[in-house]
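Chain by chain, the residues run as shown.
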Amino acid sequence: MEVAVENKTKTLTGAEALIQCLLAEQVDTIFGYPGGAIMPIYDALYSYREQINHILVRHEQGATHSAQGYARVSGKVGVVFATSGPGATNLITGIADAQIDSTPMVCITGQVASQLLGTDAFQETDVMGVSMPVTKWNVQITSAEEIPAAVAKAFYIARSGRPGPVVIDITKDAQFGRLDYSYERCHQIRSYVASPAVEKASIWKAADLINKAKKPMVLFGQGVILADAQQEFKDFVEKSGIPSAWTIMGLSALKDDHPLNVGMLGMHGNYGPNKMTNECDVLIAVGMRFDDRVTGDLSRYAKQAKVIHLELDPAEINKNVNADVAVLGDCKYTLPLITNAINQGNYSSWLEQFNELYQEEYKAVIKEELNPATDKPISMGEVIKLISDKTKGESVIVTDVGQHQMVAQRYYQFSKWRSNITSGGLGTMGFALPAAIGAKFGAPDRQVIAVIGDGGFQMTIQELGTIYQSGVDVKILILNNEFLGMVRQWQEMFFDRRYSFTEMINPDFQTIAKGYHIPSQKVKERTDLNAALDTFLNSEGSFLLEVMVGKENNVFPMVPSGASVSEIRLR
């Protein structure tokens, strides 16, 4: 069968038309799981196996996380197939994750025949009602003729403006129905403004505040990455001379070793940027949404500072932190305008205060974490630092959620763009393994390392089957402390060490890996760690390395929940 050509009319079934639409949108990879209500689409896909690579996951949630990993590392739209009922509902966690982390994704679900809608038919679920709160847009298709326009609109909405997930629910009779197929990609939708117009007055106001600042500070988030504005942001930072700190979603937008990169914001961020948030006189937020994990107690957050907020989504302006100057628009275009309008800046004495606080943090936390005493257990930090050194910071690091996530983001020295893949806003345990699979398909020439805790690993452990069947090369690092580590840390610090149901009795991960024909190794002693990491990183194909780390090691610094960022604790 021929590859789709836009606007070329021919008679097709709805299922065939859908595949042609995907080809027209240059889709090359789909993550999915077949079932009765989507069977016509899968039958149509069978004829296009040379053009589209379908990855059979082991659970529909795995499909969504894989599509997220693929999208985040490649900048393309991730695509998911699932059947009706439980197939569709199993997507919801990943869809919600993509929504809050602004990941472009199109999920296509099969649905019972249109005459059965509302009858509680076998595997019928109100996919529109269930998915509406966690999608950027959703639509149900009940006739074949609707498919091309809906798909075009879905891809445009998913990738434009602030990206996000879209759901297309297609009834089985629409898949079987016939239409005179033609396709036209969507470039605009009435009443939908993908990127607001830039107001020049806001540019001049922002530049004026920056030029007058004595102690300015930049906070940057994923908006820089989504806008593909790495160079524009670097130019702004270097001309302004302003210390710049990142959210976990903004990590890798500016190289870790850049002299103006002062580290990580938030609950387990670096000491300096958290403390100085309440000392600066101008706070410049670029593509970040002032999440509660970044701000701590809002009533005590940066009250002394004038706030400039560069943001694409108007809904984020004044939502959590009031902006003195709101610069709406795509930061790829707004940043150069501000850069051109500001003076060359030099804040060496202000920057030195960040460096002094870093030295405090190094002595109190980092030195011990990266170089623990020989009589102490292996630390997560020393494992991550070794991997960072051995890979020169060039790998794609996909983290799950928990202590290992914070440690990986603190101590892996990212040197490449689009290298940090994690679940930020939703904090989804089980994210890393399937997301790493997707990331490898999205960046086949890059090394992909999944960093996972023993708890999160078991939430999507079945995706080892996807690795085996697809032959994808993913390095899987399990940092095993035999606890739900982050929850245990809170129980230790705030609940008098009442470790209520956080200790894990784990299976033999090596035996499980062997069942999936994935080579593995387990490290208990520090003397074995270096050689094991060399084997892990240099292996042909996927490899699972389990490292036993300190059971009651904690991640510091830490801003306690409900505290001010100024109250960050080093121990």
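What you see is a predicted model; the values in this text were computed from it and never measured.

Engineer: Any chance you could break down the side chain of Asp256 for me, citing the residues and the numbers?
Structural biologist: Considering the arrangement of structural elements, one finds Asp256 in the loop between strand E10 (244-246) and strand E11 (261-264). Lys255 provides the closest opposite charge to the buried, unpaired Asp256, separated from it by 10 Å. If sequence neighbours within four positions are ignored, Asp256 has contacts with Leu251, Asn261, Tyr412, Gln413 and Phe414.

Engineer: Describe the packing of aromatic side chains, and please don't skip the residues or the numbers.
Structural biologist: Overall, the coordinates contain 13 aromatic pairs when judged by the stated rule. An aromatic cluster of three or more residues is present, and its members are Phe31, Tyr70 and Phe441. Stacked on the ring of Tyr46, the Lys or Arg Arg49 has its end atom at 3.7 Å from the ring centre. Above the ring of Phe483, the side-chain terminus of Arg488 is found at 5.8 Å from the ring centroid.

Engineer: Requested: an account of the packing of helix H11 (residues 230-240) against helix H14 (residues 331-341), with residues and values cited.
Structural biologist: It is the contact of H11 with H14, at a shortest axis distance of 9 Å, that shows an interaxial angle of 25°. Relative to H14, the element H11 lies roughly parallel. Where H11 crosses over H14, the two elements pack in a sense that is left-handed. Each of Glu232, Phe233, Asp235, Phe236 and Lys239 in H11 lies in contact with H14, whose residues at this interface are Lys332, Leu335, Pro336, Ile338, Thr339 and Asn340.

Engineer: Can you tell me about the sheet that holds strand E16 (residues 420-421), naming the residues and giving the values?
Structural biologist: If you trace the 6 strands from one edge of the open sheet to the other, you get E16-E15-E17-E18-E20-E19, paired in parallel fashion. Strands with a single pairing partner mark the edges of an open sheet, and in this sheet they are E16 and strand E19 (520-523). Two strands pair when backbone bridges link them, and strand E15 (residues 396-399) and E16 are joined in this way by 2 bridges, in the parallel orientation. In the strand pairing of E16, Ile397 is matched with Asn420.

Engineer: Any chance you could break down the domain arrangement of the chain for me, citing the residues and the numbers?
Structural biologist: What the domain assignment lists for the chain is domain 1 (10-181), domain 2 (200-354) and domain 3 (378-548). Taking only C-alpha atoms into account, the centre of domain 2 sits 31 Å from that of domain 3. In this complex, domain 2 contributes 19 residues to the contact, which on the side of domain 3 involves 19 residues. Three residues, Ile248, Asp256 and His268, lead the burial of domain 2 against domain 3; their summed loss comes to 33% of the area buried on that side. Summed over the shared surface of domain 2 and domain 3, the number is 0 salt bridges. On the surface where domain 2 and domain 3 come into contact, there are 6 residue pairs in polar contact (both at pLDDT 80 or more). Considered class by class, the residues forming the side of domain 2 that touches domain 3 number 10 nonpolar, 5 polar and 4 charged.

Cut-off values and rules
- Residues numbered from 1 in each chain as written.
- Predicted model: local features only at pLDDT ≥ 70, side-chain atom pairs only at ≥ 80, totals over all residues.
- Heavy atoms only, no water.
- Helix = DSSP H or I, 4+ residues; strand = E, 2+ residues; numbered from the N terminus.
- Buried < 20%, exposed > 50% of the residue type's maximum accessible area, 1.4 Å probe, protein only.
- Lys, Arg positive; Asp, Glu negative; His and termini not counted.
- Salt bridge = Lys/Arg side-chain N within 4 Å of Asp/Glu carboxyl O.
- Contact = heavy atoms within 4.5 Å.
- Phe/Tyr/Trp six-rings, centres within 6.5 Å; stacked < 30°, edge-to-face > 60°.
- Lys NZ or Arg CZ within 6 Å of the ring centre and 35° of its normal.
- Axes fitted to C-alpha atoms, helices over the stretch in contact; angles between N-to-C directions.
- Parallel < 35°, antiparallel > 145°, perpendicular 65-115°, else oblique.
- Left-handed = near helix turned anticlockwise from the far one by under 90°.
- Pairing = 2+ DSSP bridges.
- Domains from an automatic or database assignment.
- Buried area = accessible area lost by both parts, 1.4 Å probe.
- Polar contact = N/O pair within 3.5 Å; in protein donor to acceptor, adjacent residues only side chain to side chain.
- Nonpolar A, V, L, I, M, F, W, Y, C, P; charged D, E, K, R; others polar.

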